[in-house]
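Architecture and fold: a report
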Amino acid sequence: MRPPICAICRKDFREDPKTGGRVRFKLSPEERAFNDRMKANRMVGHPKGLEWFCSKHLEIAEQYKQLSWAEARPKIIEDSENTDVI
Ligand SMILES: [Zn+2]
C-alpha cells in the first residue's frame, strides 16, 4: 500500500488521510494481469488502477473512474487547471 500522496499534485496528506481518498479506476488488460499476478504470487505492493487524491482532486478523479488511470490522468489534470484548483 502506498502512502496517501495525491497522484496529481503530490500533496502528502499522511498526517490526515481523511482529507483525501482513493479512486479505483478501470483496469486495462495489462493492469488486470499485473494485479492477478501479484495476488497469485502473494506479492505485497500497490495494485494498479488504485490512486490517492487530495481533497481538491478527489472529486474530479471520481468523475473519470470509468476510464483507466492512463486515460483519466490527463483529463483530471486538464479539469484541475480549468477549475483553477492547483
Ligand atoms: Zn491533489
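The preceding data block contains the structure.
Attention in this report is confined to the structure presented alongside it.

About the thresholds
- Residues numbered from 1 in each chain as written.
- Predicted model: local features only at pLDDT ≥ 70, side-chain atom pairs only at ≥ 80, totals over all residues.
- Helix = DSSP H or I, 4+ residues; strand = E, 2+ residues; numbered from the N terminus.
- Buried ≥ 20, exposed ≤ 12 C-beta atoms within 10 Å, placed from the backbone.
- Contact = placed C-beta atoms within 7 Å.
- Core = buried A, V, L, I, M, F, W, Y, C linked by C-beta atoms within 7 Å.
- Axes fitted to C-alpha atoms, helices over the stretch in contact; angles between N-to-C directions.
- Parallel < 35°, antiparallel > 145°, perpendicular 65-115°, else oblique.
- Left-handed = near helix turned anticlockwise from the far one by under 90°.
- Expected span 1.5 Å × (residues − 1).

**Here's the deal with the overall build of the protein**
Of the regular secondary structure elements, the protein holds three helices and two strands. Each helix and strand of the protein, placed in order from N terminus to C terminus, yields the pattern β-α-β-α-α. On the principal axes, the C-alpha backbone points of the protein span a range of 40 × 30 × 15 Å. Across the 86 residues in the protein, those meeting the buried criterion constitute 20%. Residue pairs in contact within the protein that sit at least 24 positions apart in sequence constitute 63% of those at least 6 positions apart.

**Quick notes on the nonpolar core**
The nonpolar side chains of soluble globular proteins are, as a tendency, buried together. If you look at the biggest cluster of nonpolar residues, it comprises twelve residues: Ala7, Ile8, Val23, Phe25, Trp52, Phe53, Cys54, Ile60, Ala61, Trp69, Ala72 and Ile76. Going through the elements one at a time, β2 (50–53), α2 (55–62) and α3 (69–82) are the ones with two or more residues in this core. When residues in this core are grouped by element, the largest group, three residues, is from α3. Non-local contacts of Phe25, meaning those with residues more than four positions away in its chain, are made with Gly49, Glu51, Lys65, Leu67, Ser68, Trp69 and Ala72.

**Observations regarding the environment of Ala40**
Among the secondary structure elements, Ala40 is positioned in helix α1 (residues 29–40). Taking the C-alpha atoms as reference points, Ala40 and Lys56, 16 residues apart in sequence, are found 35 Å from one another.

**Notes on the environment of Ser55**
Structurally, Ser55 is set in helix α2. Separated by 16 residues in sequence, Ser55 and Lys39 have C-alpha atoms that sit 30 Å apart. Apart from the residues lying within four places of it in its own chain, the contact partners of Ser55 are Thr19 and Gly20.

**Description of the packing of α2 against α3**
Close contact between α2 and α3 brings their axes to 10 Å; oriented N to C, the two are set at 125°. In terms of their interaxial angle, α2 and α3 are classed as oblique. As for how α2 packs across α3, the hand of that crossing is right-handed. Residues His57, Ile60 and Ala61 of α2 form the contact with α3, whose participating residues are Ile76, Asp79 and Ser80.

**Remarks on α1**
With twelve residues, α1 should cover 16 Å at 1.5 Å per step; its first-to-last C-alpha distance of 16 Å lies within 8% of that length. Of all twelve residues making up α1, only zero are buried, and the element is barely covered by its neighbours. The positive-phi residue at the C-terminal boundary of α1 is Arg42, with phi of around 50°.

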